[in-house]
Amino acid sequence: MEEKEKTIASGCSFMGVSPIMVDLPYPPLQVKEKNPVYASLLSVDYCGSVSELSATTQYINNENRLSHERCQMAKTILGIAMSEMIHLQKLGELICLLGGRVDFTARYQNGGNRMWTPEYLSIPESAGKMLMADIEAEKDAVRQYRMHMEMIRDKYINAVLARIIKDEEYHIMLLQWMLKEM
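Residues numbered from 1 in each chain as written. Predicted model: local features only at pLDDT ≥ 70, side-chain atom pairs only at ≥ 80, totals over all residues. Heavy atoms only, no water.

Let us now look at the state of the cysteines. Under the criterion given, the structure shown has one disulfide. Disulfide pairing places Cys12 opposite Cys71 at an S-S distance of 2.2 Å. On the sign convention where negative is left-handed, the bridge of Cys12 and Cys71, at about 90 degrees about the S-S bond, is right-handed. Residue Cys12 is found in the loop between helix H1 (2–10) and helix H2 (36–47), and its partner Cys71 is found in helix H4 (residues 71–97); the two are separated by 59 residues along the sequence. Residue Cys12 is classed as buried on the basis of its relative accessible area of 14%. Between Cys47, a cysteine without a disulfide, and Cys96, which holds the nearest cysteine sulfur, the sulfur-to-sulfur distance is 12 Å. For Cys96, a relative accessible area of 45% corresponds to the partly exposed category. (Disulfide = S-S within 2.5 Å. Helix = DSSP H or I, 4+ residues; strand = E, 2+ residues; numbered from the N terminus. Buried < 20%, exposed > 50% of the residue type's maximum accessible area, 1.4 Å probe, protein only.)

Structure, rendered in structure tokens:
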């Protein structure tokens, strides 16, 4: 009973939190043709060390640890995590359309496969270091998406990746602002 009272006393309700993303529609999820190479590239964005699965998990962890002392920051982090979950879903759809498998295994071009692991996450203790780690992870994601767009010759896939980049850049701006306001 004591723990329930503590939860109620914290007062940080997450009801009504929405994904934090750019207010633009996503392009339709379609591909020019099945392509296992492109599916493998997207599997790295899906669940590699720099990936939507890593981002979602890291943000959820940060949100949980911040919610007791920094409720508004935790709500913002949760909204960003929700956006990353949408990216994860869209990448999963594209991988399937390309004839690939969604099984939490990143398939690298050198032939190596690696299943997702929480070892990919950065779990600093302070709120400021959490935000800095999140900013760096978002920047890494933008760089990786741009690199993959150069390798992918499918305008439909690249349109989705370009739209995801817009959200990631928005997240960077928001996280930098939160860090500055601390």
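Now for the confidence of the model for the protein. Scored by pLDDT, the protein has a mean of 93; 95% of the residues are at 70 or more. Predicted confidence is poor over residues 5–9, with pLDDT under 50, and the contacts of this stretch with residues over four places away or in other chains come to zero contacts. (pLDDT = per-residue confidence, 0-100. Contact = heavy atoms within 4.5 Å.)

Structurally, the position occupied by Met130 is in helix H5 (residues 127–151). Here Met130 falls in the buried class, since its relative accessible area comes to 3%. Separated by 67 residues in sequence, Met130 and Glu63 have C-alpha atoms that sit 9.9 Å apart.

With that settled, the discussion passes to the nonpolar core. Leu42, Ile77, Ile157 and Leu175 are the most contacted members of the largest nonpolar core, which totals 45 residues. Once you skip the residues sitting within four places of it in the chain, Leu42 turns out to touch Leu91, Leu94, Ile95, Leu98, Ile152, Ile157 and Leu161. (Core = buried A, V, L, I, M, F, W, Y, C linked by side-chain atoms within 4.5 Å.)

Our next topic: the pattern of salt bridges. Counted by the stated rule, this structure contains eight salt bridges. Across the pair Asp103 and Arg101 runs a salt bridge, and its minimum N-O distance is 2.9 Å. By relative accessible area, Asp103 is classed as partly exposed at 23%. The partner of Arg114 in a salt bridge is Glu119, with the nearest N and O atoms 3.5 Å apart. Look at the salt bridges and you will find they share partners, linking Arg101, Asp103 and Arg107 into a network. (Salt bridge = Lys/Arg side-chain N within 4 Å of Asp/Glu carboxyl O.)

This paragraph deals with the packing of aromatic side chains. On inspection of all chains with the given rule, the structure shows two aromatic pairs. When the centroid spacing of 6.4 Å and the interplanar angle of 75 degrees are considered together, the rings of Trp116 and Tyr120 count as edge-to-face. Just as Trp116 is buried, Tyr120 falls in that class too. Sitting over the face of the ring of Tyr26, Lys90 holds its NZ or CZ atom 4.7 Å from the ring centroid. Over the aromatic face of Tyr26 sits the side chain of Arg163, whose NZ or CZ is 4.1 Å from the ring centroid. (Phe/Tyr/Trp six-rings, centres within 6.5 Å; stacked < 30°, edge-to-face > 60°. Lys NZ or Arg CZ within 6 Å of the ring centre and 35° of its normal.)

You can see His148 is positioned in helix H5. For His148 and Met173, which are 25 residues apart along the polypeptide, the C-alpha to C-alpha distance reads 22 Å. With sequence-adjacent residues up to four places away left out, His148 is seen in contact with Leu41, Val44 and Asp45. Polar side-chain contacts of His148 include one of 2.8 Å to the side chain of Asp45. (Polar contact = N/O pair within 3.5 Å; in protein donor to acceptor, adjacent residues only side chain to side chain.)

Along an α-helix, residues three or four apart share an orientation, since each turn contains 3.6 residues. Compared with an ideal rise of 1.5 Å per residue, which puts 27 residues at 39 Å, H4 spans 39 Å between its outermost C-alpha atoms and is within 8% of the ideal. One or two steps after H4, the chain reaches Gly99, where phi turns positive at roughly 90 degrees. (Expected span 1.5 Å × (residues − 1).)

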